Structure formats: C-alpha cells, structure tokens
Amino acid sequence: MQLQTIAFFNWLYPYGGAETVTHNLASFFHKQGYRIILYIEKLNRELLCDEERAIFQFRELPAGPDPKKPANVDFLCRSLQEESVDCIIVQGIDAIPFAEIKRRTRCRMIFCLHNIPFWEEYAWRELKSTEIPNPTFLRRLEFLFLRRPLDRITRKRRTEKMYAGMMPHLDRMLLLCDQYKEDFMQALKASGHPGSDAPASKYGAILNPLLPAAAAPVSPKEKIVLYVGRFHRAHKRVDRLLKIWKTVERRNPDWKLILVGCGEEDENLRKLAVRLRLQRAEFAGYHADVTPFYRRATFMCLTSNFEGLPMSLMEGQQYGVIPVSFDSYAGIREITCDGACGIMVPSYSLRKYAALLNAALADTELQERMRTRALEASRRYDLENIGNQWLSLFNEM
C-alpha cells in the first residue's frame, strides 16, 4: 500500500507514553516525506515544542471529548475522506467509531494497544470508591458492595466483546511484543464473541521506538533512584515506591529518590512523603525533557499494578539507567532481557523490592554490568529499525 498521508488519533497530546510513541513515529514518517495529521480530543498547545508544530497538522474534535458523539463522528469521517488520509493509527482509544470510518471512508485502520492485554480489568480492580464520578456516600456504598463485585464477574467478557467487535473493521491490531500478541489472540478466540475469529494475519507486534539519545550518559553515574511518569493511583501506584524508599533510604544515606511527573495523585503523594518522614525524596514536577535526569540516574523504578512496555524504562536504558520493576507483565521481561539488564521483583512484594534494591545499591559491579547491558539492549528500540518495520507493515496492507 503506497501512502501519502498518515494520521494518528490520541486522546490528549502531549501526555504520556502513547503520545511519545506518536511523536517518535511521526518524526520518522515526516522525514520519509509523509504528511502527518493528528486527530485529538484535547490539545495541550502550551506544551508543544517547535518540532511538533512543524510535523503535525492538528485536528481537534469539534464537540469535545468522546469520539462517538454524532458531531465528532461526522467530523472525523468527513475529514479523513477530504484530507485523503490513507491510514489512521489509533493509539489505544477504543471509543473510535471504527464501523462508521470503514463504511464512509477508504482509510486503513491500525489499532495500537499500549498496555497489557485486557488492562481494563486491572484498572477497575484498583479503583477507589473516592475516585468514581460524583462520589457521594450512597454512590460509594453502591460501588463497593454492588458495582465492583458484579464487575469482577462481567468485565472480562465485556472487554473481550469490545475488542472482538473492533476486529472486522481493523486492518491490524498491534500489540507491544510477541507474548502480548499471543496472549491477546488466544484469549479473544477463546471468548467466541462475533469478530473473535479474525485471522492471525490481522495481529502484529512492534516494539515502541525511541529517538536517538540526546547526549551521552554521565560517567560515573550519580547515586540517584529515579521515577518518571504520571501520578495515577490505579495504574502507577507510586505510593508503593515511597513506602519502599522509607526502608531503602535508612540503609543508603548517600542515595536519593527523584520523582519526575505530575497527575491527580500529586498532592496525596507529597502528603504521604511527609507522613513517612522521607528525608531524601524530591518531587521535581513535570519536565518536557527528562534527559538531564536520565543522564545522572543509576536506577529507574516502577511499582505499577500493570504496564505495557514502559517508555520511561526504555528511554532510561539509552542512558544506562538500570530498570527495576515488579515482574507483573511480559513487557518487563522484554525490557530487561529476562533480568540480564534490569531487576525484576516478585509481583507486589514491597519487602522483596526493598531488599533487591538495597542489594543493588551496594553492588557497584552489578551496576556496571547491568548498565552496559542496558545500553546494548536499548539499540532494539532504534527509530530507524522500528520505523522500517512500520513501513513494511504499510506495504503488507
């Protein structure tokens, strides 16, 4: 398939890992001569860099959030047709009107799942009653004793049905690694929902791409443990990292924790750090460019409930930052090469996490060995390599 115009669809831009992938791929495609359009529900114009303004032609939904609003559906279909968009890459937004786009346009569609398969089950399970919309006392009781227990029974089937319903309209369903692809494909086929019998050729797996490192890592590294990401409880559980750090900082008075990011949990996390009486935990806020932190840090820690293929860990590897994470998702085994260039902790054990991190902080030989391997592993994410895999995919469609 010969393309001239490629579109992306993101919910919010710029924002998190999926938006970084959009930026990186768009940069590659733009240099190949493609015209790039970004459809967006909400655009953070004040956070755009000059390169993004030059690469993208932005198209915001006219009726606000929710792509399935009639005005948004009509706008999206007319725009795709009038702009002669050859292919739209949907970055994990399941509310897209796939059937209408297929019926009213000639645009090819690729859906990229930027998380573990069926991540929705995990996110709902960790939602607190105070985080639901309009959390009145009665609504919280209903959530705790009716909706959540019932949802544990029905959500898996509903999620499988949703994805199966997409498949007839998509040209490709892309996952982050081969293990995710196999898990997703097998679960969907076993569900028996209409659309679940899509051929294996409709599924694919491509690693996320990284831009070339902006500068060489600092050598020797500083005694810094780093977190980079959103402050989101149901997903990221940064509170666990603060509790782990309370144990770790006692034994390692010359090390410090730096947290780079923002989000709805920002205030709660700062209060928790005060309650835990942390002495060397610094909240650095949001930074569009986190390269200076990557260059200095020795370790990068995540304590998430679930992840897909965390961009922060991958970006850190480019600068020799050693990833540390719970072994709760196949992506961490991909990133750490099964533990050769990173530390995988048995899922959700704060005690074991603290013990393994304490041991790693004291072992300079392990740090040097893993740092070297992390730098080598990061070459797998080279933008030219990943970008060419995308071009091959376009040619197959």
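Everything below is about the structure printed above this text.
Read on for an overview of the structure.

Calculation rules
- Residues numbered from 1 in each chain as written.
- Predicted model: local features only at pLDDT ≥ 70, side-chain atom pairs only at ≥ 80, totals over all residues.
- Heavy atoms only, no water.
- Helix = DSSP H or I, 4+ residues; strand = E, 2+ residues; numbered from the N terminus.
- Salt bridge = Lys/Arg side-chain N within 4 Å of Asp/Glu carboxyl O.
- Buried < 20%, exposed > 50% of the residue type's maximum accessible area, 1.4 Å probe, protein only.

Focus on unusual backbone geometry
Next up, step 1: Here Y13 and P14 are connected by a cis peptide whose omega angle stands at -15°.
Next up, step 2: Tracing the sequence through the fold places P14 in the loop between β1 (5–13) and α1 (17–31).
Next up, step 3: At R277, a position not held by glycine, the phi torsion is positive, near 60°.
Next up, step 4: Topologically, R277 is positioned in the loop between α10 (266–275) and β10 (281–285).
Next up, step 5: In the Ramachandran plot, D338 falls in the positive-phi region, its phi being about 60° despite a non-glycine side chain.

A word on the pattern of salt bridges
Next up, step 1: Using the criterion set out here, one finds 21 salt bridges in the structure.
Next up, step 2: The residue R104 makes a salt bridge to E100 at a minimum N-O spacing of 3.6 Å. Linking R104 with E100, this pair stays in helix α4 (residues 98–104), spanning four residues, or about one helical turn.
Next up, step 3: Here R237 ties to D239 by a salt bridge, and the two come within 2.8 Å at their closest N and O atoms.
Next up, step 4: The buried category is assigned to D239, whose relative accessible area is 10%.
Next up, step 5: Linked through salt bridges whose partners overlap, the residues forming this network are D74, R78, E100, R103 and R104.

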